[in-house]
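# A structural walkthrough
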Amino acid sequence: MGRLFVVNLEGKIYSCKHCKTHLALYEDIVSKSFHSRHGKAYLFNKVVNVSMGVKEDRMMMTGIHTVVDIFCVGCGSIVGWKYEIAHEKSQKYKEGKSVLERFKVSGPDGSSYWMNHEVHIGGSDADDV
């Protein structure tokens, strides 16, 4: 398999909450208004230290998208997904970008996001799930 190469980022970093592997920089956030099954999620221009799953079409709140799940290379945890194809013209800006679920990462200040109890009980009002 070979030796694992991990990119270390400098600055305000989002990292895997399980193994602390660096995943993205605060400055690469495109939007903080995304939601997932676990609560808040952020859209990033660039993420590092992830491997990709199998392409699949998913129906999301904003229409059908071809996406791949992304996994932390450090521990294998799923941390979000990447948009491969947005089938609706208004959603094309998402192509090539990745979503990290706040529930699955630690923020730049070392904090972890915990799902709001009301969101869990009320189900998902997700933008993208």
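Residues numbered from 1 in each chain as written. Predicted model: local features only at pLDDT ≥ 70, side-chain atom pairs only at ≥ 80, totals over all residues. Heavy atoms only, no water.

The name an unreviewed UniProt entry gives the protein chain is Protein yippee-like, with Jatropha curcas as the organism. Within the UniProt record for the protein chain, the comment given under Sequence similarities (unreviewed entry) is "Belongs to the yippee family." (UniProt positions renumbered as here; feature names shortened; annotations may be inferred.)

## Quick notes on the overall build of the protein chain
Within the protein chain, the regular secondary structure consists of one helix and 10 strands. When the helices and strands of the protein chain are read in sequence order from the N terminus, they spell out β-β-β-β-β-β-β-β-β-β-α. Counting only residues that meet the buried cut, the protein chain has 43% of its 129 residues in that class. Of all intrachain contacts in the protein chain linking residues separated by at least 6 positions in sequence, the fraction that spans at least 24 positions is 47%. As displayed, the protein chain offers around 7300 Å² of accessible surface, 52% of which is attributable to carbon and sulfur atoms. (Helix = DSSP H or I, 4+ residues; strand = E, 2+ residues; numbered from the N terminus. Buried < 20%, exposed > 50% of the residue type's maximum accessible area, 1.4 Å probe, protein only. Contact = heavy atoms within 4.5 Å. Areas by Shrake-Rupley, 256 points an atom, 1.4 Å probe, with all protein chains shown as cover.)

## Points about the packing of aromatic side chains
Two measures describe an aromatic ring pair: the distance that separates the ring centres and the angle between the ring planes. Under the counting rule described, the total for this entry stands at three aromatic pairs. With 5.5 Å between their ring centres and 70° between their planes, Y14 and F44 make a pair best called edge-to-face. Taken together, the residues Y14 in strand β1 (residues 13–16) and F44 in strand β4 (residues 39–44) connect sequence positions 30 residues apart. By relative accessible area, F44 is classed as buried at 1%. Relative to Y83, the ring of W81 lies with its centre 6.4 Å away and its plane at 80°, an arrangement referred to as edge-to-face. Taken together, the ring pairs in this structure connect Y14, Y42 and F44 into an aromatic cluster. When the ring centre of Y26 is taken as reference, the NZ or CZ atom of K12 above it lies at 5.2 Å. Seen from the ring of F103, K17 lies directly overhead, with NZ or CZ sitting 4.1 Å from the centre. (Phe/Tyr/Trp six-rings, centres within 6.5 Å; stacked < 30°, edge-to-face > 60°. Lys NZ or Arg CZ within 6 Å of the ring centre and 35° of its normal.)

## Comments concerning the pattern of salt bridges
Overall, the coordinates contain four salt bridges when judged by the stated rule. Across the pair K92 and E95 runs a salt bridge, and its minimum N-O distance is 3.2 Å. (Salt bridge = Lys/Arg side-chain N within 4 Å of Asp/Glu carboxyl O.)

## A closer look at unusual backbone geometry
Even without being glycine, K20 reaches a positive phi, approximately 70°. Here K20 shows up in the loop between β1 and β2 (22–25). The phi torsion at N49 lies on the positive side, around 60°, for a residue other than glycine. Of the residues examined, N49 reaches a relative accessible area of 9% and is grouped as buried.

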